[in-house]
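Chain by chain, the residues:
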Amino acid sequence: MLGRHRKEAHVGRPPNERLIFHIDMDAFFASVEVMCRPKLRGKPVIVCGKPTTRSVVAAASYEAREYGIHSAMSSVEAFRLCPHVVAVEGNPGQYIYVSLELLRIYKEKSTIVEPYSIDEAFVEMTGTECTWENCLEVADDIKNRIRERFPGLTASIGIGPNKLVAKMCSSLDKPDGVSIIRPGEFGEVFGPRPTTKLWGVGDKTAVALSMMGVNTIDELGRHPVAMLRCRFGIMGEILHMMAQGRDDTPVTPYFEGMPVKSMGHEHTLSEDTWDIAEAERVLLRLCDQVARRMRKKSYLGNVISMRLRFADFEGIGRQRKIKFYTDEERVIYRVARDLMHRHWRPGQAIRLVGVNCSGLMKIPETIQVDLFREKEEDSHRKLLTAIDEIRDKYGEHAITRARLVRHNKRMWPAARRVSEPRFLRMGVGSGERTNRSLMAGWHDAAPNLDTTPLPASISTSPFDMLKHQDAEDRKRKRSE
Ligand code: TTP
Ligand code: MG
Ligand code: MG
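Predicted model, so just to flag it, every value in this text is computed and none were measured.

Participant: Run through the overall build of the chain, naming residues and quoting values.
Facilitator: The secondary structure content of the chain amounts to 17 helices and 15 strands. Taking all 480 residues of the chain together, the buried fraction comes to 35%. Long-range pairs, those at least 24 residues apart, make up 64% of the contacts in the chain between residues at least 6 apart in sequence.

Below, the structure is given as structure tokens:
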């Protein structure tokens, strides 16, 4: 009844029965890294935050798992189990990019897509062209689209009449499998399994259940609900329902309400200026505000627009699509500044400067959790988080860029400057040291760290992409 081979038609089900896919990528971080470094294909690979002696395995390729390596194990233990395992440092920006692109692929099949974690999503197929009869073909099509977009990436798909069943089903045939549990089949498949296999049941609950004589999912589903309620409160009722494969929670798309299309700021200068450096400073401040708003609202964008209005009230607006999503002012600024330099002509007095970011994607909370856990490793990200926190606490003007502080050397002696990016603290605590240590960098490489540069064609961290884009711009300029 399970497995990718089952093609028999589903008969006799009410047409309005729910049909839900749960899609989980296989060895997600490790597979993305292998995709970027094809020579690692077929090798045991682990992805660590930073491959120091204290780091932990975030993801292990299926080849590494054959040695007993798994997520959350220390990298020291992983090297002990498999001395030739290749450790790769994680690239959070890359995983988020792939994750958001995967959601786009799923959205081609249904408008109702709920991201559940950085590599998982529920897709509500009820009411779409996907039916119990053709769901295997639809699942194969999704897998093919993923492979076409990201060579080498595979997903495992669980198909069921609700989220619980679909979720539990997707892990039955990993990697690269499709499993179906039709209405009424849950007990047959999961009934004999221990209660810990029920989604959300941890060791503690399993022990408490075991003390009541409940060891399997089947036993839990048949246990008097009143006794479960008495022991676990409302959770007891939910456990009882779950053990019978019942779940009526909706697939909740991460976008509720009207989607925000863009975020931008404009500023009319107090006096028109012919000085492009002055306009740049205004632009930088605007980029800072836009990026801050995007981070606050959990948006990433990939279309950056710049607008200028001149003293004669004529104006220009130019935009550029970049190849990755960002919420960082340094990226927005570099693109907007380049647009400004390309389209402003000396002699044009600038009256207004504006910047806007569109092509927005909401970062689902579930992804964000992973994002920031990983991104804490990234010093610039840490700095942005610190700055956001300072502004949340002390107001928007508590901290600014050195460039935006007008030539007041007495106020900002050299000893107090932080190298790059040049943020200066203003009037709060003793954060300079914090910033310095965030900038300190990291040098403790593990022996098997793979340092092959990523091919330019692969979307990677925003800055590699930006370099790539700059190179393309230079090429274009030369040919113009
Ligand atoms: P998972 O989907 O749990 O694992 P996976 O995709 O690596 O492997 P599987 O084929 O079994 O699904 O998690 C997705 C990613 O989340 C994973 O690649 C790395 C990250 N992660 C961590 O950073 N820490 C963890 O403890 C776990 C479990 C995952
Ligand atoms: Mg996974
Ligand atoms: Mg997962």
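Still to come is the rest of the account.
Participant: Can you break down the nonpolar core residue by residue, with the values?
Facilitator: Counting 103 residues, the largest nonpolar core has Ile 46, Leu 283, Cys 287, Ile 332 and Ala 336 as its most contacted members. When residues no more than four places from it in sequence are discounted, the contact partners of Cys 287 are Glu 329, Ile 332, Tyr 333, Ala 336 and Val 355.

Participant: An account of the sheet that holds strand β4 (residues 86–89) is needed here, citing residue identities and associated values.
Facilitator: If you walk across this open sheet you meet the three strands as β3-β2-β4, and the pairing is mixed. With one partner strand each, in any of the chains shown, β3 (57–60) and β4 form the two edges of the open sheet. When strand polarity is set aside, the average angle formed by the axes of neighbouring strands in this sheet is 30 degrees. Judged from the four bridges that link them, strand β2 (residues 45–48) and β4 form a sheet pairing that is parallel.

Participant: Could you give an account of the site of ligand 1, with specific residues and numbers?
Facilitator: Of all residues adjacent to ligand 1, which total 14 residues, the nearest are Phe 28, Phe 29, Ala 58, Ala 59 and Ser 71. Broken down by secondary-structure element, the contributors of at least two residues to the shell around ligand 1 are β1 (20–25), α1 (28–36) and β3. Considering only residue class, the shell around ligand 1 consists of nine nonpolar, one polar and four charged.

Participant: Give a detailed account of the pairing of strand β6 (residues 120–124), specifying residues and quantitative values.
Facilitator: Most of β6 sits inside the fold, with five of its five residues counted as buried. Residues Glu 120, Phe 122 and Glu 124 of β6 are buried on one face, and the alternating residues Ala 121 and Val 123, pointing to the opposite face, are buried as well. Bridge count for β1 against β6 is five bridges, and the pairing is antiparallel. Pairing of His 22 across the sheet is with Phe 122, part of β6. Two elements, strand β5 (residues 113–117) and β6, share four bridges in a ladder whose sense is antiparallel. Each bridged residue has a counterpart across the sheet, and for Val 113 the counterpart in β6 is Val 123. Here β5 folds back onto β6 in antiparallel fashion, the turn holding two residues.

Participant: Account for the sheet that holds strand β8 (residues 178–180), naming residues and giving values.
Facilitator: Taking strand neighbours across the sheet as the criterion, the five strands line up as β5-β6-β1-β7-β8 in an open arrangement whose pairing is mixed. Sheet topology places β5 and β8 at the edges, where each strand pairs with a single neighbour. If you compare each strand with its neighbour and ignore which way they point, the axes differ by 20 degrees on average. This element, helix α5 (residues 135–149), spans β1, β7 (155–160) and β8 of the sheet and lies at about 155 degrees to β7.

Participant: With reference to specific residues and values, describe the environment of Gly 354.
Facilitator: Within the secondary structure, Gly 354 is located in strand β12 (residues 350–358). Counting along the chain gives 89 residues from Gly 354 to His 265, while the straight-line C-alpha distance between them is 5.6 Å. Once residues lying within four places of it in the same chain are set aside, the contact partners of Gly 354 are Gly 264, His 265, Glu 266, Leu 286 and Arg 307.

Participant: Got a sec to walk through the confidence of the model for the chain? Specific residues and values, please.
Facilitator: Caution applies to low-pLDDT regions: their predicted coordinates should not be interpreted in detail. Across the chain, pLDDT averages 79, with 76% of residues at or above 70. Counting interchain partners and residues more than four positions distant, the pLDDT-below-50 stretch residues 368–376 has 13 contacts. The low-confidence segment residues 407–466 (pLDDT under 50) makes 88 contacts with residues lying over four places distant or belonging to another chain.

Participant: Would you mind going over the packing of α1 against helix α4 (residues 92–107) in detail, with residue names and values included?
Facilitator: One can describe the packing of α1 onto α4 by two numbers: an axis separation of 10 Å at closest approach and a directional angle of 100 degrees. Put simply, α1 runs roughly perpendicular to α4. Within the contact between the two elements, α1 uses Phe 28, Phe 29 and Val 32 and α4 uses Gln 94, Tyr 95 and Val 98. Residue composition of the contact of α1 with α4, by class: five nonpolar, one polar and no charged.

Analysis parameters
- Residues numbered from 1 in each chain as written.
- Chains lettered and ligands numbered in written order.
- Predicted model: local features only at pLDDT ≥ 70, side-chain atom pairs only at ≥ 80, totals over all residues.
- Helix = DSSP H or I, 4+ residues; strand = E, 2+ residues; numbered from the N terminus.
- Buried ≥ 20, exposed ≤ 12 C-beta atoms within 10 Å, placed from the backbone.
- Contact = placed C-beta atoms within 7 Å.
- Core = buried A, V, L, I, M, F, W, Y, C linked by C-beta atoms within 7 Å.
- Pairing = 2+ DSSP bridges.
- Axes fitted to C-alpha atoms, helices over the stretch in contact; angles between N-to-C directions.
- Near = placed C-beta within 6 Å.
- Nonpolar A, V, L, I, M, F, W, Y, C, P; charged D, E, K, R; others polar.
- pLDDT = per-residue confidence, 0-100.
- Parallel < 35°, antiparallel > 145°, perpendicular 65-115°, else oblique.

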